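These are the residues of each chain, in order.
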Amino acid sequence: MDAEDPVHLRADDAAVPDAQLVAELAALLSATGGFAQLAERMALLSDQRRLRILFCIHAHPGVRSSDIARAIGASDSSTSHALALLREAGWVRAERSGREVRYALVDTFVHDLLHSLGSDHLPGVHHHPARDQAGGAPQAPI
């Protein structure tokens, strides 16, 4: 398939009257809801540093914050600030062990999105068995 081909096609070639199309689209959007929350969540991905941090945590759960900072070429303080935002959003979990803080993804929506964006796991990193048995965990609510 050519990159310029549309992803979806109508099942039929029948023209839908504009008024009907607008009404159907408005009903779809009304039934979906949660767009403000979704936009707020997705805004976290608009920052390159946070996205790179998420790729690191996805690739190796339990990575230390200082290692993330070194891997992305950022200061410890700016990395810590970005990690705090991701923690507040409920995307990652921090576990303290003495002076070290290690991070792991906890939001399945973000995990699945990272896979879609091309983020891979490092060798030896696998999905949690409960997730694999369930055929993928349910996505976090918007």
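Look above for the structure.
Notes on the structure follow. This structure is a prediction, so every number in the text was calculated from the model and none was measured.

Helix and strand counts for the protein come out as 7 helices and 3 strands. In the protein, the succession of helices and strands from N to C terminus is α-α-α-β-α-α-β-β-α-α. Within the span of the protein, comprising 142 residues, buried residues form 26% of the whole. Carbon and sulfur atoms form 56% of the exposed surface of the protein, whose accessible area is close to 9800 Å².

This brings us to the pairing of strand β3 (residues 100–105). When strand β1 (residues 63–64) meets β3, the two strands line up antiparallel, connected through 2 bridges. Counted as the bridge partner of V63 is Y103 from β3. As paired elements, strand β2 (residues 92–97) and β3 share 6 bridges and run antiparallel to each other. The partner of V92 across the bridge, within β3, is L105.

So, on to the side chain of R50. Along the chain, R50 falls in helix α3 (residues 48–59). With no salt bridge to any partner, buried R50 finds its closest opposite charge in D47, at an N-O distance of 4.3 Å. Among the polar contacts made by the side chain of R50, one reaches the main-chain carbonyl oxygen of A43 at a distance of 3.4 Å. Setting aside anything within four residues of it in sequence, one finds R50 in contact with A43, L44, A82, L85 and L86.

This next bit is on the nonpolar core. Among the nonpolar cores identified, the biggest contains 21 residues, and I53, L54, I57, W91 and V92 are the most heavily contacted of them. Every element with two or more residues in this core is listed here: α3, α4 (65–72), α5 (76–88), β3 and α6 (108–116). Top contributing element to this core by residue count: α6, with 4 residues. With residues near it in sequence (within four places) discarded, I53 still touches I68, I72, T79, A82, L83 and L86.

Moving on to the pattern of salt bridges. This structure, assessed with the given rule, holds 6 salt bridges. Put simply, R64 and E100 hold a salt bridge, and the shortest N to O gap is 3.0 Å. With R64 in strand β1 and E100 in strand β3, the pair connects residues that are 36 residues apart, well separated along the chain. For R64, a relative accessible area of 24% translates into the label partly exposed. A salt bridge links D67 to R70; the shortest N-O distance between them is 3.2 Å. Separated by 3 residues within a single helix, D67 and R70 lie in helix α4, roughly one turn from each other. Looking at D67, the relative accessible area reads 22%, which means it is partly exposed. Among the charged side chains, a salt-bridge network with shared partners connects R64, D67, R70, E100 and R102.

The rules behind these values
Residues numbered from 1 in each chain as written. Predicted model: local features only at pLDDT ≥ 70, side-chain atom pairs only at ≥ 80, totals over all residues. Heavy atoms only, no water. Helix = DSSP H or I, 4+ residues; strand = E, 2+ residues; numbered from the N terminus. Buried < 20%, exposed > 50% of the residue type's maximum accessible area, 1.4 Å probe, protein only. Areas by Shrake-Rupley, 256 points an atom, 1.4 Å probe, with all protein chains shown as cover. Pairing = 2+ DSSP bridges. Lys, Arg positive; Asp, Glu negative; His and termini not counted. Salt bridge = Lys/Arg side-chain N within 4 Å of Asp/Glu carboxyl O. Polar contact = N/O pair within 3.5 Å; in protein donor to acceptor, adjacent residues only side chain to side chain. Contact = heavy atoms within 4.5 Å. Core = buried A, V, L, I, M, F, W, Y, C linked by side-chain atoms within 4.5 Å.

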